[in-house]
Amino acid sequence: MRYSETKPPVFTLTAGPVDAYPEVLRALGKTVLYDYDPAFQAFYENVALKAQKAMGTDTPPLILQGEPVLALEAAAACLIAKDDVVLNLASGVYGKGFGYWAARYAKKVEEIEVPYDTSIDPEEVRSFLKAHPEVKVVCVCNHDTPSGTINDIDAIGAAAAEAGALLIVDAVSSWGGMKTSPDGCKAGIYVTGNNKCLGCPPGLSLVSVSESAWAKIEANPDAPFASILSLGDWKNAWKKTEKFPFTPSVAEINGLDAALDRYLDEGPEAVWERHAVTARICREGIKGMGVKLWPATEEIASPTTTSVRMPDGIDAAPVLAEARSRYGISMSAGRAETLGKLIRIGHMGPTAQPAYALLAVAAMGGALNAAGAKVDVAAGLAAAQAAWEASIDA
Ligand SMILES: *Cc1c(COP(=O)(O)O)cnc(C)c1O
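This is a predicted model, so every value here is computed, not measured. (Residues numbered from 1 in each chain as written. Predicted model: local features only at pLDDT ≥ 70, side-chain atom pairs only at ≥ 80, totals over all residues. Heavy atoms only, no water.)

Caption draft 1: Spotlight on the site of the ligand. The immediate surroundings of the ligand are formed by Glu-67, Val-69, Leu-72, Tyr-94, Cys-141, His-143, Thr-145, Asp-170, Val-172, Ser-173, Lys-196 and Arg-335. Between Glu-67 and the ligand, the recorded distance is 2.7 Å, taken from a side-chain N or O atom to an oxygen atom. Here Thr-145 contributes a side-chain N or O atom positioned 2.4 Å from an oxygen atom of the ligand. Summarising the interface, the protein chains cover 88% of the accessible area of the ligand, which totals 380 Å² for the free molecule. Of all the cavities here, the one that holds the ligand is the second largest pocket. (Near = heavy atom within 4 Å. Polar contact = N/O pair within 3.5 Å; in protein donor to acceptor, adjacent residues only side chain to side chain. Areas by Shrake-Rupley, 256 points an atom, 1.4 Å probe, with all protein chains shown as cover. 1 Å grid on protein atoms, 1.4 Å probe; cavity = no way out; pocket = protein on both sides within 12 Å on 5 of 7 lines; lining within 4 Å. Sits in = over half its atoms within 2 Å of the grid points.)

Caption draft 2: Up close: the nonpolar core. Ile-189 and Leu-231 are the most contacted members of the largest nonpolar core, which totals 86 residues. In contact with Leu-231, not counting residues within four places along its chain, are Leu-62, Leu-64, Ala-74, Ala-75, Cys-78, Ile-189, Val-207, Val-209, Trp-214 and Ile-217. In terms of nonpolar packing, the next biggest core, distinct from the first, is built from 32 residues, Cys-282, Ile-343, Ile-345 and Ala-373 among them. (Core = buried A, V, L, I, M, F, W, Y, C linked by side-chain atoms within 4.5 Å. Buried < 20%, exposed > 50% of the residue type's maximum accessible area, 1.4 Å probe, protein only. Contact = heavy atoms within 4.5 Å.)

Caption draft 3: Quick peek at the pattern of salt bridges. Across all of its chains, the model carries 20 salt bridges by this definition. Here Arg-2 and Glu-322 are joined by a salt bridge, their closest N and O atoms 3.2 Å apart. Of the two residues, Arg-2 sits in the segment before β1 (11-12) while Glu-322 sits in helix α10 (residues 316-327), which places them 320 residues apart along the sequence. Given the relative accessible area of 52%, Arg-2 is considered exposed. Judged by its relative accessible area of 19%, Glu-322 falls in the buried class. Two residues, Asp-84 and Lys-216, come together in a salt bridge whose shortest N-O distance is 2.5 Å. A residue pair is termed long-range when its members are at least 10 positions apart, and Asp-84 in the loop between α3 (69-79) and β3 (85-90) and Lys-216 in helix α7 (residues 211-218) qualify at 132 residues. Residue Asp-84 is classed as buried on the basis of its relative accessible area, which comes to 3%. Residues participating in the shared-partner salt-bridge network are Glu-23, Arg-262, Glu-266 and Arg-274. (Salt bridge = Lys/Arg side-chain N within 4 Å of Asp/Glu carboxyl O. Helix = DSSP H or I, 4+ residues; strand = E, 2+ residues; numbered from the N terminus.)

Caption draft 4: Highlighting the pairing of strand β5 (residues 135-141). The buried fraction of β5 amounts to six of the seven residues, a majority that puts the element mostly inside the structure. The sheet contact formed by β3 and β5 spans four bridges and is parallel. Counterpart to Val-85 in the pairing with β5 is Val-135. Here five bridges tie β5 to strand β8 (residues 166-170), and the two strands are oriented parallel to one another. Of the residues in β8, the one forming a bridge with Cys-141 is Asp-170. (Pairing = 2+ DSSP bridges.)

Caption draft 5: Structural context of the domain arrangement of the protein. The domain architecture assigned to the protein consists of domain 1 (22-264) and domain 2 (267-393). With 24 residues of domain 1 in contact, the opposing surface of domain 2 contributes 26 residues. Across the domain 1/domain 2 interface, buried area totals approximately 2,100 Å², and carbon plus sulfur atoms make up 61% of it. For domain 1, the biggest contributors to the area lost against domain 2 are Asp-117, Pro-146 and Tyr-263; these three give 24% of the whole. Joining domain 1 to domain 2, the criterion identifies one salt bridge. (Domains from an automatic or database assignment. Buried area = accessible area lost by both parts, 1.4 Å probe.)

Caption draft 6: Layout of the sheet that holds strand β4 (residues 108-113). Overall, mixed pairing links the seven strands, which are arranged β2-β10-β9-β8-β5-β3-β4 in an open sheet. Either end of the sheet is taken by a strand with one partner, and the two such strands are β2 (62-64) and β4. Looking at each pair of strands side by side, their axes are set apart by 20° on average, direction ignored. Its contacts with the sheet place α7 against β2, β5, β8, β9 (189-193) and β10 (205-209), and it is angled at close to 90° to β10. (Axes fitted to C-alpha atoms, helices over the stretch in contact; angles between N-to-C directions.)

So, in structure tokens, the structure goes:
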């Protein structure tokens, strides 16, 4: 028996977009209220306040109407002025990509780039900023998803703050799945989304903007206004007494509300623990069958994605195809520089559950063997099971 490629997979264990939580899917089907109905305006304010609580900030995050690439580009467009020197930190495809947006708005972009299976050394950032006091903005990706590696944004943020530079953070695939927050890294602009660890379908961005970042945006004559890229347009839109710059995505706001309720009810610490345990079990399973992780050290391995290095001579594409057709399991390929070299197993939102780690290890091992590798699937499953047992009463 094989699973058809033209029918949905049985399990979506990707690194985003992820399978949405059932309560989110139900909320998407709620009545679509008129945006200026007082009931909707009060509801919207309440959702923004829940998002503020979830993100632990002083003011509610902006809710932009597009998946987080919109918010990342908007952050560059609004914060970076024509005469700014920017330091971009690239430890993966997203970090590198942000530099191209920054270059569109900045006078000059400096870059620290490291191999995509490692992460940025905060001390190197500190010394770079000491030697380059002209840097006004530092950009970093927290979890560079196509590599499954984590940058220590709290330490990087401390270095940026000491140098008086504002930090732009891409926390799209880390926030909500691990301990990270706008305040923790002293972010100027901190961007996350609804379609990774929050477990919604793609469509919205959450953006936290600090007071000093607002001051810089408001002093930037080229910051977009009356534009899809404008952050300023949305600054006060969360208040029920204010206008929306344009029609909010009502159904997606309903979905976000359900996701935030779920996150707050379960409790952030419990949610992070669930992601961390699932990832640990998955890593033990992968190593247990004799396959290497992509991150150079396990210390920087993401709790929301396990990135598996393909054995010598094995390309990722046929392995992904075998996992899909033999087991009905969809996983993520690499991207750009990591394409073909690794496969990513997502542990985000609803799929951050230990049982899925076992499924992923079984499918990864079986698919690797079907594609010509020789891995010990049983040993991998035994290691994953042992890690699961160890986590239960820990
Ligand atoms: C998913 C993701 C985004 C959003 O971008 P898409 O490529 O459109 O999904 C941005 N940054 C990171 C780190 C992400 O994982």
